Amino acid sequence: MRRLASALWFGAVPLCAQFEFFETRIRPVLASQCYSCHGPEKASGGLRLDSKAALLAGGSRGTALIAGNPESSLILKALSHRDPALKMPPAGKLPDTVIEGFREWIRHGAEDPREEAVSMAPQVAIDWDRARRHWSFQPIRSVAPPPTAGRTSIDRFIRARLDAAGLTPVAPASKAVLLRRASYDLLGLPPSPDELRAFLADPSPRSFEHAVDRMLASPHYGERWARHWLDLVRFAETGGHEFDFYRYEAWRYRDYVIRAFNQDLPYNRFVTEHIAGDLLPRHEQRLAQAAGHWDTPIGAGYLGLGEERNGATDLEEVRTELRDSRIDVFGKAFLGLTIACARCHDHKFDPITTADYYALGGIFDSARTTLGSVASPAVLERTEAALARHPAPPAPQPKPLALRPGDELLALDGFHVSGSAFAHPAPGLLDSSRGRSNRLTGIMISRGFVPVHRYIHVLVAGTKFNPVREEPSLLGVTIFAPGRYPKGVAGSGDRRLRWKTITLKEEINQICHLEIADRLHDGHLAVRAIVMSNVKEPPPDPEETLAALAGSPELEAALPVEPFARVTYEDVPRDLRIQIRGSHHSPGALTGRRFLQLFDSKPEDYRDGSGRLKLSTDLTEGNNPLLARVLVNRVWKHHFGEGLTSTVDNFGRTGERPSHPELLDYLAHGFIEDGWSLKRLHRRIVLSDTYRQSSEESSQAAALDPSNRLLSHMSVRRLDAESIRDGILAVAGSLDGGALGPSVRPHIAPNQDGRGKPDSGPLDGNGRRSVYFEIRRNFLPAMLLAFDYPSPTSTAGKRGVSTVPAQALALMNNPFVTRQASNWARRATAAESDTGKRLDAMFQAAYARLPEPAERDGILTFLHNGGAWDEVAHVLLTAAEFYFVR
Amino acid sequence: MPSRRHFLQLAAAALHAEYAAAETSRAIAPLAERKPHQTPRAKAMIFLFMDGGVSHVDSFDPKPRLQRETGQPLPLARPKLVRADSSILLGSPFSFRKYGACGADVSELFPHVGARADDLCIVRSMAADHSEHTAANYFMHSGSGLQGRPSMGSWVTFGLGSPSRNLPGYVVLDNSMIPPGGLDIFGSGFLPASYQGSLFRNAPQPVADLAPSETPERQRAKMDLRRQLDRGALTRFGQASQMEAAVANYELAFRMQSAVPELADISGETAATRRLYGLDDPQTEEFGRSCLLARRLIERGVRFVELLSPKRDGFDRWDQHANLKTGHATNARATDKPIAGLLADLKTRGLLDSTLVLWSGEFGRTPTAQGSGDAIGRDHHPYAFTCWLAGGGVKGGLTYGATDEYGFYVAENRVHVHDLHATVLHLLGLDHKQLTYPFSGRQVRLTDVHGEIVRPLLA
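Residues take numbers from 1 onward in each chain, read along the sequence in its written order. By the order in which they are written, chains take letters starting at A while ligands take numbers starting at 1. In keeping with the predicted nature of the model, local features appear solely for residues at pLDDT of at least 70, side-chain atom pairs appear and are counted solely at 80 or more, and the whole-chain, interface and lining totals rest on all residues.

### Describing the overall build of chain B
Move 1: In DSSP terms, a helix is any run of H or I states spanning at least four residues, a strand is any run of E spanning at least two, and both are numbered starting from the N terminus. A tally of regular secondary structure across chain B gives 11 helices and 17 strands.
Move 2: Note on method: radius of gyration uses C-alpha positions; expected globular size equals 2.2 Å times residues raised to 0.38. Taking 2.2 N^0.38 as the reference for a compact globule, 459 residues should give roughly 23 Å; the C-alpha atoms of chain B span a radius of gyration of 24 Å, in line with that estimate.
Move 3: A principal-axis box enclosing the C-alpha atoms of chain B has dimensions of 80 × 65 × 40 Å.
Move 4: Exposed residues have 12 or fewer other C-beta atoms within 10 Å of their own C-beta, buried residues have 20 or more, and partly exposed residues fall in between, where C-beta atoms are placed from the backbone. Burial status across chain B gives 59% buried among its 459 residues.
Move 5: A pair of residues counts as a contact when their C-beta atoms, built from backbone coordinates, are separated by no more than 7 Å. Across chain B, the fraction of contacts at a sequence separation of at least 24, relative to all contacts at a separation of at least 6, is 75%.

Okay, structure coming up:
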């Protein structure tokens, strides 16, 4: 009863009475005197007065009203005509009684029942039945191929449309052309001369099938296809914005994707792990055995890979933008839906409501992506076994804390604990060394909370460490608010416990979280108490020093390294309010967490935690046909250069209808039947005759189907940035086979500049494939950028294919290219002394063919006229044939 | 008889074909000159981007009442979200006087620019949306506070192409001071990469990979051999407009290798010209060179040139949270004469009529103080600030819009950044509502869903 009473009363005046006051004294004045200039038709000075939110949001002069403070409220100043520059209404001052009414209303808290702004045009409701009829929302059908001629089902679907258009498919490509094409498609690398020779020598009618199986089993397959996926989730290892802060361990997500592709992890499982991997039962979680860590929880870490904001003023705006990036990528990458369009208004074309947007936003806001130990049980067992052989010294009795009235001791039981450092704390002490070794690592992460105190006093000892300005923390007790620099404390470089104080300002009344972390292999953090307080001075110093470390060299040697990764945890579940017109200054109705209304999703099914687990099943098991269709279309796009639906990230009404809708369904259906296996899907596609066609376009096709949507032949395609660079390394014999692991820093060109500029990496990237480049948002690898590497800001299912002078300049003059050319020339010369045979070998390596007589003559003449083999190699690497496939 | 529906389908197909044709030609010749939407008033644009935010009340917007009440609390309600606790009024340490026949008010920071007042169209009622540098920089350039949207120069070259055969269409002249937000400020976002700003450094090698490591003869011999191979490949591969473009691209790159050094070689400029830009003074030499290069770029047919603030030890950029007086004086000293020289030179050469010049920061600075004593400064202020335009199609000698008596809020004729963008595009012959690109399921514009052309600024 008490609760009810407090909810109904506001200050001294009952709320119902306040509303009545508003309805009789305030609203009529606003409506008759103000709305015409500050309402739905016009918002002079950016100000509207027709809703509570708009009034609070204010206009160009700032908020129009401060509840409880009439004298500071602009609206009252304007009404009272005190300021000659601000007199409202302009036609003349209103009667004093009216102005007094406003003063009184504001003083009592300015209660205002107007949740929704006055609308000019009634919102046009979505016609759900009609909207659901859109092609991409239809269930996936099991379609039989048409009775046309054709070796595989795919060929029959393609043939049927060609027949109808009066076109005929061209002849198959030569074996060498086919192998080069498939090799770049599946591996992102040219076939090696040995692979080419073996393939050409294999007389079996199934020789191509065998070659495809070999490629699908190659670890390079995962490296190639992971890169396509990374484009979809705007993968990067820094936060961009002003300082481009580095994100520790972000590269592990890249490895997670590579492993998933190489293991042919079923796509529905892959998606489930991306949404809710951390919530799956332990027996359903996968280990990355070789790397010594859990793999599954890393998937959902993708949520936190977007851009961040440095030093923002408006933290709610930052939260809004982080959320928007998550919804945007989630919608496009998995569903091919531009859900983010519904942020400010219901989607103009697709059946996606603003409520859908905030319902999904609530799910993502109820989870937190940060760093956690993902050490495998085997690794943790090794740690515990080593520690067991070196017993801890007896824990000293903690001295009592002399807390003052109002001080609040923070309970640490709600924290998410990972790693060994804080796994078995002694009573009253978190000690990352556990009394024995600074090598131990671990992290504790609180759930979101809203600080109300101004100070956090931490009784702390250990390594002296200044908290870095990036998330997550390396060592210390640190508080994080989105968009603000973290604030933290650590020890003073010894084992003496001292009070250290964090002063809060912007964090107060924002959703924050606290981390207690020691991720340094030689770091130490001991925490006796965390006290929230409004008193600036900390409580009295208990003058306590921790006992010396009782470790040993044997223990140090026996302790394994515990891997960390960016993972997603459950946070406090929270529903969001709709933001009217997308502005967080105008909160609207509360929206229960759920998936899209289009798929009949209901909030009552989303009550379990954040709802991510339910979301993953709604995506993969529900009546949602988009997941498989969108993915199958992406794979098709990477094999043919264009998707069956060319708008690969947009299957909504503004997207393109598929050129072969039945084929798309046939593939999607087969994909699901095949257990969502990508490798089987590749096999199905590349073993078709359609894929094996040559690129020779008939004049008929050029006239009737210039964009080759009907696939009467194979399209010529420029290689993507990574394949060009990796191809150069491969041909030059400089490719380092090393897979996975920490990224290699790209070479920073002299004209790349700006804040957060990193040291330059090696010119040749240590010979590693481009997928292993460290991706810094503000310093993207220059050579990749020239060849349309996408800005990692949103889903990029389809990269641009531009032609810019920077490309030709890089190929002509960049020392990476010229040095690789020299490497290649040197190796080719050492391997083959005969000029003609050397040339043959080089053409085989670069183009998978032998030189034409005219080409041979041209090169011999070039050499004869003083040309060097380095130069020949350089020309071969930069001729268009090298970076185009047919 | 064809139905209305049939007719519409035909029309849509024709439109689509036209669009597809335009896209194809863009793919082959991305910078080929394109027809504007309407008759342009200017052919090229120079954007003098005053990174960090120039204080309007210290430069072009004198405020006597602010001056009188300096030290007193700001009597206006401040916006809810401000960065620092600054609510004490701070009058300008700089004196103002009237310049030109128009009598424009310009402070002692800009005597040379002031002398060109009759060419300037000063807008005192600018407003932007963001109060931190990075988002504000993105916003001033792309109409969005987010990273990854096409910059103004990208939109302009996308819409119009560029007449230069040897140089990129959108060139950014950098003085080793990339503003917060990085190179994405000049990025082409979702537009093709051909339209991204090309960064030319104020250095011996202005462009990456520009200098061949071989003699021109050897390079030419290799070019010839490559061309022979490429000719064969074009036949072998068949249908390949994109491949043709890639082959032709070597020729542009080859020409750039000599065009850029030729551009950067100012030995042919007369002593008078050098003095005009302040090249004879170490204080003005760096930015003067940028301004001179801007003119040379425009002469060579480059469509959009952007200049960035010079590096000044201790006072980089206009971001004077502290030491307003020294910092603004230092930055003004480095840029005032070169900018005035650029305006004068363009005019003398008859280029000002066809070149639109825009001078602006990403926001202004607070009329209130930050810090105290000699080190006093001003904070970021997007709620009101000043920019100016000059040249092609704008009304010279005009001071437009007004702030309140303290320079805190816009009081009349508010010009939002979206409006500025709409106006700039209009002057260049582009309709901001027609200049669109499909992204994220809709036709996206520089002005998002906003923007009104500010007609009173037009000549």
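Structure's up, so let's keep going.
### Description of the domain arrangement of chain A
Residues and elements named next belong to chain A.
Move 1: The domain boundaries here were taken from an automatic or database domain assignment. If you check the domain split of chain A, you get domain 1 (2-107), domain 2 (153-203 + 625-715), domain 3 (248-369 + 572-620), domain 4 (391-558) and domain 5 (815-885).
Move 2: Relative to domain 5, the C-alpha centre of domain 2 lies at a distance of 32 Å.
Move 3: On the domain 5 side, the residues contacting the nine residues of domain 2 number six residues.
Move 4: At the level of elements, helix H8 (175-187) and helix H9 (193-201) are the ones that each hand at least two residues to the side of domain 2 that touches domain 5.

### Concerning the environment of A:Glu223
All names here are of chain A.
Move 1: Locating Glu223 in the fold gives a position in helix H11 (residues 219-232).
Move 2: Classification of Glu223 as buried rests on a count of 26 C-beta atoms within 10 Å.
Move 3: Remark: the alpha-carbon pair of Glu223 and Asn262, spanning 39 residues in sequence, is separated by 8.2 Å.
Move 4: Dropping the residues within four chain positions of it, Glu223 is found in contact with Gly188, Ile258, Arg769 and Val771.

### Quick notes on unusual backbone geometry
Move 1: Omega for the peptide link from A:Met88 to A:Pro89 comes to -10°, which places this bond in the cis form.
Move 2: Phi is positive for B:Asp209, close to 55°, though the residue is something other than glycine.
Move 3: Counting through the fold element by element, B:Asp209 comes out in the loop between strand S6 (198-201) and helix H6 (216-237).
Move 4: According to the C-beta neighbour criterion, B:Asp209 is buried, with 27 such atoms within 10 Å.
Move 5: A positive phi angle is found at B:Asn413, which is not glycine, with a value near 55°.
Move 6: Structurally, the position occupied by B:Asn413 is in the loop between strand S14 (410-412) and strand S15 (415-416).

### Re H8(A)
Every α-helical turn comprises 3.6 residues, leaving residues that sit three or four positions apart pointing alike.
Residue and element names in this part refer to chain A.
Move 1: How far a helix is expected to stretch is found by multiplying one less than its residue total by 1.5 Å. In this model H8 runs 17 Å from its N-terminal to its C-terminal C-alpha over 13 residues, within 8% of the 18 Å that 1.5 Å per residue would give.
Move 2: Buried residues dominate H8, accounting for 11 of its 13 residues.
Move 3: What H8 keeps buried is the set Val177, Leu178, Leu179, Arg180, Arg181, Ala182, Ser183, Tyr184, Asp185, Leu186 and Leu187.
Move 4: Positioned one or two residues after H8, Gly188 has a phi angle of 70°, which is positive.

### Observations concerning the packing of helix H29 (residues 853-864) of chain A against H6(B)
The angle between the axes and the distance between the axes are what describe a pair of packed helices.
Move 1: A fitted line through C-alpha atoms serves as each axis, taken over the contacting stretch for helices, and the angle formed by two N-to-C directions is quoted from 0 to 180°. Two elements in contact, H29(A) and H6(B), have axes whose closest approach is 10 Å; the angle formed by their N-to-C orientations is 175°. What the angle tells us is that H29(A) and H6(B) run roughly antiparallel. Mapping the contact onto sequence places A:Glu855, A:Gly858, A:Ile859 and A:Phe862 in H29(A) and B:Ala221, B:Leu225, B:Gln228, B:Leu229 and B:Gly232 in H6(B).
Move 2: Note on residue classes: Ala, Val, Leu, Ile, Met, Phe, Trp, Tyr, Cys and Pro are nonpolar, Asp, Glu, Lys and Arg are charged, and everything else, Gly too, is polar. Within the contact of H29(A) with H6(B), the residues separate by chemical class into five nonpolar, three polar and one charged. Here the angle decides the label: under 35 degrees means roughly parallel, over 145 means roughly antiparallel, 65 to 115 means roughly perpendicular, and every other value means oblique.

### Side note on the interface of chain A and chain B
Move 1: Contacts between the two partners involve 69 residues from chain A, matched on the other side by 72 residues from chain B.
Move 2: The set of elements that each furnish at least two residues to the side of chain A that touches chain B consists of helix H26 (805-813), H29, helix H30 (869-878) and helix H31 (880-883) of chain A.
Move 3: The greatest single-element share of the side of chain A that touches chain B, amounting to seven residues, is contributed by H26(A).
Move 4: For the side of chain A that touches chain B, the residue count by class is 21 nonpolar, 32 polar and 16 charged.

### Some details on the sheet that holds strand S12 (residues 487-489) of chain A
Residues and elements named next belong to chain A.
Move 1: Pairing is antiparallel in the open sheet, where five strands are placed in the order S7-S9-S14-S11-S12. Each having just a single partner strand, strand S7 (416-419) and S12 make up the two edges of the open sheet. Pairs of neighbouring strands in the sheet enclose a mean axial angle of 15°, with direction left out of account. Only strands that DSSP links by at least two bridges are regarded as paired with each other.

### Describing the environment of A:Arg653
Residues and elements named next belong to chain A.
Move 1: Mapped onto the elements, Arg653 comes out in the loop between helix H19 (626-640) and helix H20 (661-673).
Move 2: You can call Arg653 partly exposed: it has 16 C-beta atoms within 10 Å.
Move 3: Between the alpha carbons of Arg653 and Gly277 there is a distance of 32 Å; along the sequence they are 376 residues apart.
Move 4: Once residues lying within four places of it in the same chain are set aside, the contact partners of Arg653 are His134, Phe349 and Asp350.

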